[in-house]
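Each chain, letter by letter, is given below.
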Amino acid sequence: MRHRMLTVAALVIAAAGATSLTAGAQQSGGPPPGRGGRGGRGGRGGPGGGAQCMASADSLTDAQKEQVHTLTTTFTSAHAAQLDSVRAIMEQARTARQSGASQDAIRTIMESQRAIDEELAPARKQFTQDVRALLTPEQISAGCIPPPPGGPPGGRRGGPPPGN
């Protein structure tokens, strides 16, 4: 009897959760907050996604856009060799996947990027901190933070899905 009551309670809770998620997505006219329509940690722009930022009154001013562009250009110039290596590894993984290589072979290719990501991590963190310093708290909470050039570390573009 107790097992049956627990099962019924779990089903009621699951149904209520599914209903609230569906209602929330329908109200907002888009995906649940924090997904940005691209999955992961909010896609471009972090939690909430960059699309919300650009469509709101909290979008970046022309001066802020210019400052972010300058930071991006500086980052890209300072780390051009590393970013080029990452692009080459991603292309190699994409080619291997398209030619039917095994998941292990693709994973091995992707693992070669790990050292570069670890080298770039402090610079990416500094880039994000520098951009955040330019923004207002409202812009930050709206997700107006662009990702560092070269994408977030450990991106799965072209690689095997996790756990395969």
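Residues numbered from 1 in each chain as written. Predicted model: local features only at pLDDT ≥ 70, side-chain atom pairs only at ≥ 80, totals over all residues. Heavy atoms only, no water.

**Quick look at the overall build of the protein chain**
Worth spelling out the cut-off: To qualify as a helix, a DSSP run of H or I must reach at least 4 residues; to qualify as a strand, a run of E must reach at least 2; elements of each kind are numbered from the N terminus. Exposure classes here rest on a 1.4 Å probe applied to the protein chains alone. A residue is buried below 20% of its type maximum, exposed above 50%, and partly exposed in between. Values of accessible area rely on a 1.4 Å probe in the Shrake-Rupley scheme; residue burial ignores everything except the protein chains shown.
Looking only at helices and strands, one finds seven helices and zero strands in the protein chain. Listed by position from the N terminus, the elements making up the protein chain come as α-α-α-α-α-α-α. The buried share of the protein chain, taken over its 164 residues, is 26%. When the accessible surface of the protein chain is split by element, carbon and sulfur atoms take 59% of a total near 10600 Å².

**Comments concerning the side chain of Gln139**
Inclusion rule: Distance and chemistry together define a polar contact, namely a pair of N or O atoms within 3.5 Å, with one atom able to donate a hydrogen and the other to accept it when in protein, and with adjacent residues in sequence counting only for side-chain atoms on both sides.
For Gln139, the position within the fold is in helix H7 (residues 137-141). A polar side-chain atom of Gln139 sits 2.9 Å from a polar atom in the side chain of Gln64.

**Side note on the packing of helix H4 (residues 80-98) against helix H6 (residues 114-134)**
For clarity, the threshold we go by: Angles shown run from 0 to 180 degrees and are taken between the N-to-C directions of axes, each axis being a line fitted to C-alpha atoms and, for helices, limited to the stretch in contact. Should the near helix be turned counterclockwise from the far one by less than a right angle, the crossing is left-handed, whereas a clockwise turn marks it as right-handed. Contact between two residues is taken to exist if any of their heavy atoms lie within 4.5 Å; hydrogens are not considered. In this classification, Asp, Glu, Lys and Arg are treated as charged, Ala, Val, Leu, Ile, Met, Phe, Trp, Tyr, Cys and Pro as nonpolar, and every other residue, Gly included, as polar.
Between H4 and H6, the least distance of the axes is 10 Å, while the angle of their chain directions is 145 degrees. Where H4 crosses over H6, the handedness of that crossing is left-handed. For the pair H4 and H6, contact is made by Gln82, Leu83, Ser85, Val86 and Ile89 and by Ile116, Glu119 and Leu120, respectively. Taken together, the residues that form the contact of H4 with H6 break down as five nonpolar, two polar and one charged.

**A short note on the nonpolar core**
This is how it is decided: Take the buried residues of types Ala, Val, Leu, Ile, Met, Phe, Trp, Tyr and Cys, join any two whose side-chain atoms come within 4.5 Å, and each joined set is a nonpolar core.
Val131 and Leu135 are the most contacted members of the largest nonpolar core, which has 20 residues in total. Those elements that provide at least two residues to this core are helix H3 (62-78), H4, helix H5 (103-111) and H6. For this core, the element with the most residues is H4, which contributes six residues. Residues in contact with Val131, not counting those within four places in the same chain, are Val68, Leu71, Ile145 and Pro146.

**Description of the pattern of salt bridges**
Side chains that carry opposite charge are capable of pairing whenever their charged atoms lie near each other. Worth spelling out the cut-off: The term salt bridge refers to a pairing of a side-chain nitrogen on Lys or Arg with a carboxyl oxygen on Asp or Glu at a separation within 4 Å.
Within this structure, the stated rule accounts for five salt bridges. Note that Asp104 is salt-bridged to Arg107, the shortest N-O span being 3.3 Å. Linking Asp104 with Arg107, this pair stays in helix H5, spanning three residues, or about one helical turn. By relative accessible area, Arg107 is classed as partly exposed at 25%.

**Notes on the confidence of the model for the protein chain**
A low pLDDT means the predicted coordinates there should not be read in detail. Selection rule: pLDDT is a per-residue confidence score from the predictor, ranging from 0 to 100.
Per-residue confidence for the protein chain gives a mean pLDDT of 72, with 56% of residues at or over 70. When mean pLDDT is compared element by element in the protein chain, H4 scores highest at 94, while helix H1 (residues 2-28) scores lowest at 45. Here residues 14-32 scores under 50 on pLDDT; set against residues more than four positions off or in separate chains, the count is three contacts. Taken together, the stretch residues 34-51 has pLDDT below 50 and engages in 32 contacts with residues farther than four places along the chain or on a different chain.

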